[in-house]
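Residue-level listing of the chains:
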Amino acid sequence: MGMEEGSFPSDGEVQLLEAASDGKHRGGWITFPVIIATIAGLTLVSGGWIFNFIVFMIEEFNVKGIDAGQICIVVNGCTAMFPVLGAIAAGSFLGNFSVILISSVFSLLGLILLILCSTIDSLRPSPCDPNGPTSCIAPSTLQLSILYLARTLATIGVGGTRL
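First, a word on scope: everything that follows refers to the structure included in this document. The structure presented is a predicted model; accordingly, all values stated were derived computationally and were not measured. (Residues numbered from 1 in each chain as written. Predicted model: local features only at pLDDT ≥ 70, side-chain atom pairs only at ≥ 80, totals over all residues. Heavy atoms only, no water.)

### Considerations on the packing of aromatic side chains
Applied cut-off: A pair of Phe, Tyr and Trp rings is counted when the ring centres sit within 6.5 Å of each other, with Trp represented by its six-membered ring. The angle between the planes then sorts it: under 30 degrees is stacked, over 60 is edge-to-face, the rest tilted. A 1.4 Å probe rolled over the protein chains alone gives each residue an accessible area, and that area as a share of the maximum for its type sets the label: buried under 20%, exposed over 50%, partly exposed in between.
Evaluated as defined, the whole model comprises two aromatic pairs. A ring pair is formed by Phe56 and Phe61, whose centres lie 5.6 Å apart and whose planes are at 55°; its orientation type is tilted. Judged on exposure class, the residue Phe56 and its partner Phe61 are both buried. Through pairs of rings, three or more aromatic residues link up here, namely Phe53, Phe56 and Phe61.

### Considering the nonpolar core
Heads up, the rule is: Among buried residues, the Ala, Val, Leu, Ile, Met, Phe, Trp, Tyr and Cys ones that are joined through side-chain atoms within 4.5 Å form a nonpolar core. Only DSSP runs of H or I covering at least 4 residues are called helices, and only runs of E covering at least 2 are called strands; the numbering of each starts at the N terminus.
Ranked by size, the top nonpolar core spans 21 residues in total, and within it Trp49, Phe53, Met57, Leu114 and Leu147 carry the most contacts. Of all the secondary-structure elements, those providing two or more residues to this core are helix 2 (32-60), helix 3 (65-94), helix 4 (96-119) and helix 5 (141-161). Ranked by the residues each element gives to this core, the list is headed by helix 5, at six residues.

### Quick word on the pattern of salt bridges
In plain terms, the rule: By definition here, a salt bridge exists when the distance from a side-chain nitrogen of Lys or Arg to a carboxyl oxygen of Asp or Glu is within 4 Å.
Inspection of every chain in the model, using the stated rule, returns two salt bridges. Notably, a salt bridge pairs Glu60 with Arg124, separated by 3.0 Å at the nearest N-O pair. Of the two residues, Glu60 sits in helix 2 while Arg124 sits in the loop between helix 4 and helix 5, which places them 64 residues apart along the sequence. Here Glu60 falls in the partly exposed class, since its relative accessible area comes to 30%. Judged by its relative accessible area of 16%, Arg124 falls in the buried class. Arg124 is paired through a salt bridge with Asp121; the nearest N and O atoms lie 3.0 Å apart.

### As for unusual backbone geometry
In this structure, Asn62 is a non-glycine residue whose phi angle is positive, near 55°. You can see Asn62 is positioned in the loop between helix 2 and helix 3. Asn62 gets classed as buried once you look at its relative accessible area, which sits at 16%.

### Digging into helix 3
The line we're drawing: The length a helix should cover is 1.5 Å for every residue beyond the first. In this analysis the local bend is the angle between axes fitted, respectively, to the seven residues ending at and the seven residues starting at the residue. Should any heavy atoms of two residues lie within 4.5 Å, those residues are considered in contact.
Here helix 3 contains 30 residues, and its C-alpha end-to-end distance of 40 Å stays within 8% of the 44 Å for a straight helix at 1.5 Å per residue. A maximum bend of about 30° is found in helix 3 at Met81, where proline Pro83 lies one to four positions downstream. Taken residue by residue, helix 3 has Ala68, Gly69, Cys72, Val75, Thr79, Pro83, Gly86 and Ala90 as its buried positions. Its buried side turned inward, helix 3 meets helix 2, helix 4 and helix 5. One or two steps after helix 3, the chain reaches Gly95, where phi turns positive at roughly 100°.

Here you go:
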């Protein structure tokens, strides 16, 4: 990639020369602790809600065990596939740091919605009567929509940080 006397630099060489003379130093060890801390925190948090979500759906949303298991399998599969989409976005359009930052915001929004679903009574159905399984009230469309939106945001966030 060296320039010979009397030849013109190629486009790639011009870009390298411009980047070297730009004076801006991007990335390096300064961003490393931020990225590692973000990924470590999101891994701990996502592990908590991924593994407890089946119990949450059965106990709080009156969903049958089989249905809750199927939903969790689909969500876990999406969590495993989203890093591919995040890598494509990072490599083609935005860069690693931007994708991790955006994914962290998605994950935070999803977790806030999950917290709201578990604390606000109107966002989940009333509990089942322990005397009989026929007294369970199914969740409304709005309640399930908010829950699925929370899971979708959190899943996109977790998948996007695993580049």
